[in-house]
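Structural characterization, general
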Amino acid sequence: MVDNNFKPAGFLDIPVPKGIDLVQAINDLKKAKNAIILAHYYQESDIQDIADFVGDSLALAQWAAKTDADVIVLCGVDFMGETAKILSPEKRVFVPDLNAGCSLADSCPADEFAAFIRQYPGHTVISYVNTTAAVKTLTDVVVTSTNARQIVDSLPQEAKIIFGPDENLGNYINSLTGRDMVLWKGACHVHERFSLEKILELKKKHPYALILAHPECKSVILKISDYVGSTSALLNYSIKSPAKEFIVATESGILHEMQEKNPDKTFIPAPPNDSTCACNECNFMKLNTLEKLYNCLKYEIPEIFISEEIQKKAIKPIQRMLEISEKLGL
Ligand code: SF4
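Residues numbered from 1 in each chain as written. Predicted model: local features only at pLDDT ≥ 70, side-chain atom pairs only at ≥ 80, totals over all residues. Heavy atoms only, no water.

Side note on the packing of helix α1 (residues 22-32) against helix α14 (residues 290-299)
- Taken N-terminus to C-terminus, the directions of α1 and α14 make an angle of 30°; their axes are 10 Å apart at the nearest point. Taken together, the axis directions place α1 and α14 in an arrangement best described as roughly parallel. Here α1 and α14 pass one another in a crossing that is left-handed. Residues Leu22, Val23, Ala25, Ile26, Leu29 and Lys30 of α1 lie in contact with α14, whose contacting residues are Leu290, Glu291, Leu293, Tyr294, Leu297 and Lys298.
- Of the residues that constitute the contact of α1 with α14, the class distribution is nine nonpolar, no polar and three charged. (Axes fitted to C-alpha atoms, helices over the stretch in contact; angles between N-to-C directions. Helix = DSSP H or I, 4+ residues; strand = E, 2+ residues; numbered from the N terminus. Parallel < 35°, antiparallel > 145°, perpendicular 65-115°, else oblique. Left-handed = near helix turned anticlockwise from the far one by under 90°. Contact = heavy atoms within 4.5 Å. Nonpolar A, V, L, I, M, F, W, Y, C, P; charged D, E, K, R; others polar.)

This is how it looks when you write it as structure tokens:
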């Protein structure tokens with residue numbers, strides 16, 4: 001849990017020195033402080049370009065667990081910083097703008113989730129990584145969209161399971177595995193908003209384009225998709241596929257990496273319901289900027305703190321996920 005007693009204004013709001021070469025300055029600070037910059041695929045492209053490692057939630061957690069840097073700057077949203085701190089409590093962990101939350105994590109308050117769990121005694125609790133540290137303390141095993149199906153499959157067929165907080169992902173896993181998991185009704189505001197009609201219109205204009213979708217999208221979008229997978233699975237699919245055009249139904253930040261890895265292919269962001277907004281962008285993810293990253297490294301603020309009690313409980317389901325993922329070669 002982020003310690004609210006130590007949550008300045010979310011970020012240090014002071015101007016960077018005029019005329020500074022930000023990229024060079026960030027790299028110098030990183031070296032001087034033995035820091036590592038981890039960035040999620042949904043970050044702005046300039047942040048992805050300066051990061052030591054860019055990945056999805058599972059990969060970021062794996063890096064945070066194994067890095068020997070003294071400082072981790074997690075360019076993503078707050079639960080990712082928390083996960084890094086839970087896994088590496090001896091390291092200092094920063095998120096350039098701690099206002100970067102997650103609507104999916106917010107849709108699952110820990111006290112309400114605890115009451116929900118009490119209604120289903122004897123159930124194994126599976127939580128998506130997009131949850132607060134407090135929710136992770138209520139969880140038996142954490143999953144990401146990369147390993148959710150395999151981790152559910154690894155449980156005995158007769159196991160009774162609660163899955164939260166993403167209902168769309170839970171429904172998708174139920175459909176793949178034939179399970180009947182009890183689902184928490186949470187959602188991500190970005191993945192909920194893709195428009196079936198507009199994607200179909202786009203497909204008419206680009207008949208050879210393949211539709212790629214993240215399993216947090218609604219089932220109507222998943223049904224018309226050629227491939228459904230986690231952010232990294234979509235990226236890998238785009239690399240291996242012989243197709244030349246793709247309509248991508250997930251946060252549009254991944255298009256930067258897709259285009260870098262496939263310069264000869266075309267990637268079209270799937271349109272949201274409301275064409276007047278950039279709803280296929282996660283406004284939380286985009287709060288981090290190079291300026292905030294510079295200030296964060298220079299002044300070492302804002303930092304993630306987690307109480308020892310929460311850290312000790314929350315690490316267990318995350319470690320279980322990492323162990324199963326390693327066994328499964330994920
Ligand atoms: S894209 Fe959705 S799930 Fe991912 S961080 Fe943003 S709000 Fe959360």
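Right, picking up where we left off after that structure.
Considering the environment of Ala110
- Among the structural elements, Ala110 can be located in helix α6 (residues 110-118).
- Given the relative accessible area of 23%, Ala110 is considered partly exposed.
- Between the alpha carbons of Ala110 and Phe53 there is a distance of 31 Å; along the sequence they are 57 residues apart.
- The residues contacting Ala110, other than those within four sequence positions of it, are Ala134, Val135 and Leu138. (Buried < 20%, exposed > 50% of the residue type's maximum accessible area, 1.4 Å probe, protein only.)

Concerning the domain arrangement of the chain
- Taken as a whole, the chain is organised into domain 1 (22-100 + 285-307), domain 2 (104-189 + 315-328) and domain 3 (194-269).
- Its C-alpha centre places domain 1 at a distance of 28 Å from the equivalent point of domain 3.
- Each partner contributes residues to the interface: domain 1 has eight residues there, and domain 3 has 12 residues.
- Of the roughly 810 Å² buried where domain 1 meets domain 3, counting both sides, 53% is carbon and sulfur surface.
- Together, Tyr41, Tyr42 and Asp56 form the three largest contributors to the area buried by domain 1 at its contact with domain 3, with a combined 62%. (Domains from an automatic or database assignment. Buried area = accessible area lost by both parts, 1.4 Å probe.)

A word on the site of the ligand
- Residues in contact with the ligand, as listed here, are Tyr42, Val77, Cys102, Ser103, Asn130, Cys188, His189, Val190, Glu216, Cys282 and Met285.
- Among the residues forming the shell around the ligand, the class breakdown is seven nonpolar, three polar and one charged.
- Here the shell around the ligand spans two domains, since at least three of its residues come from each of domain 1 (22-100 + 285-307) and domain 2 (104-189 + 315-328). (Near = heavy atom within 4 Å.)

Some details on the sheet that holds strand β9 (residues 210-213)
- Read across the open sheet, the four strands follow the order β10-β9-β11-β12; overall the sheet is parallel. The sheet is open, and its two edges are formed by β10 (227-228) and β12 (266-269), each paired on a single side.
- Bridge count between β9 and strand β11 (residues 245-249): four bridges; the pairing is parallel. Its bridge partner lying in β11, Leu210 is registered against Phe246.
- Running at roughly 175° to β11, helix α10 (residues 196-205) makes contact with β9, β11 and β12 of the sheet.
- Of the strands in this sheet, β9, β11 and β12 touch helix α13 (residues 254-261), which is tilted by about 170° from β12. (Pairing = 2+ DSSP bridges.)

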